[in-house]
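The lines below spell out each chain.
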Amino acid sequence: SDKKCQYHYQIPPICYLKSMGVPTPASDRWWINDDGTEVRPYSEMSAQFPKTGLSPVVGFARDGFPIYALYGPDGQMVRSAIYEGDLDECNGKGEGSDYAYYITAEPPFVPTCLRGTIGNFAFATSDKKCPGSGISNSISGVTPSDGDDESAAFAKVPLLSALIS
């Protein structure tokens, strides 16, 4: 976490993406170079992921727009503008209510700014420690993939009911 105790990632959250049914690299060391000696160059990171796949909504930004992971509506991997992709400076694309942000396989990895109106957000610090076994998250209407049946992983998430449940 950061100094404000807010958890964050500096590369795509592979365990979370797997749990949501998003195609991920075969190796959990995808971000390490082939020699195993250092972080892979950012320009090579997207090549570690399948080129096509489907992405459910994996989150929502503070402005209410959905966040998808790695793959656009056409099933093709999205790329950040820095790496000659078609995402804008906020790591998103679309117009009006069709706008969405994307997690990418290379920097900036996550949205860097917001396009919409920012809603209210509050948090409080806590002395509670995370359990040693981790925290299990679930979204109503989404069946986790067991690795055998990919069709269950791509269930559509009812946007409002997933947030309210």
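Coordinates for the structure precede this section.
Rules behind the numbers
- Residues numbered from 1 in each chain as written.
- Predicted model: local features only at pLDDT ≥ 70, side-chain atom pairs only at ≥ 80, totals over all residues.
- Heavy atoms only, no water.
- Core = buried A, V, L, I, M, F, W, Y, C linked by side-chain atoms within 4.5 Å.
- Buried < 20%, exposed > 50% of the residue type's maximum accessible area, 1.4 Å probe, protein only.
- Helix = DSSP H or I, 4+ residues; strand = E, 2+ residues; numbered from the N terminus.
- Contact = heavy atoms within 4.5 Å.
- Phe/Tyr/Trp six-rings, centres within 6.5 Å; stacked < 30°, edge-to-face > 60°.
- Lys NZ or Arg CZ within 6 Å of the ring centre and 35° of its normal.
- Salt bridge = Lys/Arg side-chain N within 4 Å of Asp/Glu carboxyl O.

Q: Tell me about the nonpolar core, residues and numbers included.
A: Generally speaking, a soluble globular protein has its nonpolar side chains buried in company with each other. By size, the foremost hydrophobic cluster in this structure holds 21 residues, and its most contacted members are Leu17, Val22, Phe49, Val58, Ala69, Leu70 and Tyr101. Counting only elements with at least two residues in this core, the list comes to helix H1 (14–19), strand E2 (66–69) and strand E4 (100–103). Among residues more than four places away in sequence, those in contact with Ala69 are Leu17, Val22, Ser55, Pro56, Val58 and Ile103.

Q: Which residues make up the packing of aromatic side chains, and what are the values?
A: Tallied over the full model, the rule gives six aromatic pairs. Every member of this aromatic cluster is reached through a ring pair, and the members are Phe65, Tyr99 and Tyr101. We note Lys93 situated over the ring of Tyr102; from NZ or CZ to the ring centre the distance is 5.9 Å.

Q: Got a sec to walk through the pattern of salt bridges? Specific residues and values, please.
A: Here the structure, examined in full by the defined rule, presents six salt bridges. With a shortest N-O distance of 3.7 Å, Glu44 and Arg40 are connected by a salt bridge. For Glu44, a relative accessible area of 37% gives the class partly exposed. A relative accessible area of 6% places Arg40 in the buried class. One salt-bridge network, held together by shared partners, links Asp34, Arg40 and Glu44.

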